[in-house]
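Structural overview for review
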Amino acid sequence: HDAVAIALEIEAQRAVGNTLVLCTSYHTVHQLAQRLETAKAIKGTIIEATQGVSLQSQARQFLVAAKAARDNDQGERVLWLAIGNAWTGLDVGGHEPWKALFGEALPAEVDNVLTDLVIPRLPFRTNQSLTHMYRIKHKPNFPWDVLDAALRFKQGIGRLVRRQSLPKNRRIIILDARLVVPNQRDRHSLFT
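Presented here is a report on the structure given in the accompanying data block. Here the residue numbering is sequential within each chain, running from 1 through the sequence in written order. The predicted origin of the model limits local features to residues at a pLDDT of at least 70 and limits the giving and counting of side-chain atom pairs to 80 or more, whereas totals for whole chains, interfaces and linings rest on all residues. Note that the side-chain values use all heavy atoms of the structure and ignore hydrogens as well as water.

1. Remarks on the overall build of the protein
Heads up, the rule is: Segments assigned H or I by DSSP are reported as helices when at least four residues long, segments assigned E as strands when at least two residues long, and all are numbered from the N terminus. Exposure classes here rest on a 1.4 Å probe applied to the protein chains alone. A residue is buried below 20% of its type maximum, exposed above 50%, and partly exposed in between. Residue contacts are defined here by distance: any two heavy atoms, one from each residue, within 4.5 Å place the two residues in contact. Per-residue accessibility takes into account occlusion by the displayed protein chains alone, with areas from the Shrake-Rupley method and a 1.4 Å probe. Counted charges follow a simple rule, with Lys and Arg positive, Asp and Glu negative, and His plus the chain ends left uncounted. Charged side chains are reduced to one point each, which is NZ for Lys, CZ for Arg, CG for Asp and CD for Glu.
Helix and strand content of the protein: 6 helices and 5 strands. For the protein, the N- to C-terminal ordering of α and β elements is α-β-α-β-α-β-α-β-α-α-β. Counting only residues that meet the buried cut, the protein has 44% of its 192 residues in that class. Of the contacts formed within the protein by residues at least 6 apart in sequence, a portion of 78% connects residues at least 24 apart. Looking at the protein as shown, the accessible area adds up to about 10500 Å², and 50% of this sits on carbon and sulfur atoms. A distance of 6 Å separates the average location of the 25 positive side-chain charges in the protein from that of its 18 negative side-chain charges.

2. Quick word on the pairing of strand E2 (residues 44-48)
Put simply, the test is: Strands are labelled as partners when DSSP assigns at least two bridges between them.
In this sheet, strand E3 (residues 77-82) lies alongside E2 in parallel orientation, the contact comprising 5 bridges. Paired with Gly44 across the two strands is Arg77, which belongs to E3.

3. What to know about the packing of aromatic side chains
The condition is simple: Note on aromatic contacts: the rings of Phe and Tyr and the six-membered ring of Trp form a pair at centre separations within 6.5 Å, being stacked when their planes are under 30 degrees apart, edge-to-face when over 60 apart, and tilted otherwise. Think of it as a cone above the ring: NZ of Lys or CZ of Arg counts as a charge over the ring if it is within 6 Å of the ring centre and within 35 degrees of the ring normal.
Enumeration over the complete set of coordinates arrives at 2 aromatic pairs. Sitting over the ring of Phe102, Lys67 keeps its end group 5.5 Å from the ring centre.

4. What to know about the nonpolar core
This is how it is decided: We define the nonpolar core as a collection of buried residues of types Ala, Val, Leu, Ile, Met, Phe, Trp, Tyr and Cys that are connected through side-chain atoms lying within 4.5 Å of one another.
Grouped together as the largest cluster of nonpolar side chains are 26 residues, with contacts concentrated most on Leu20, Leu22, Phe62, Trp80, Leu90, Val92 and Val113. Of all the secondary-structure elements, those providing two or more residues to this core are strand E1 (19-22), helix H3 (55-72), E3 and strand E4 (116-119). For this core, the element with the highest residue contribution is H3, accounting for 6 residues. Ignoring any residue separated from it by four or fewer positions in sequence, one finds Phe62 in contact with Asn18, Thr19, Ile47, Val78, Trp80, Val92, Val113 and Leu114.

By themselves these figures say nothing about function.
In structure tokens, the structure reads:
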């Protein structure tokens, strides 16, 4: 967690807009939030996913903080430590979500609501649904976890680019070294 927090500090300072960090557990979110708040290296707001707070509520909090940072124009940014459906069911940006909350969409050319996506760990074994457990039990030799993680990974990347004509300042930072381990390349080929 220490190494990831340091990487997040560096990446958040380089971000043109706001950053979404897709984590795989509440424990990781909490550990990173503690380290980032203690270091005070993030200039702006840190949103921490917590149990019992809906994704929609967190998305609203992210957009409100992003608007405040944009209006203040003091170089502040929002860093959102998210998990769960943020990988697959999230839409935040200056288009429809912004319009629904603030009454007017941002033109694509100036939409920096979400510019950076950080993935500390690939989302292996995060699917605990009954369907997924059934698949694993009944076809244990099939790479269900790899396929599910690859799908979540690709959907996670889709959080960043939601419409045409956005500025060419989007960045995806993957911190999981398993993608470059030589004896793991075949297993992780779906991610590249």
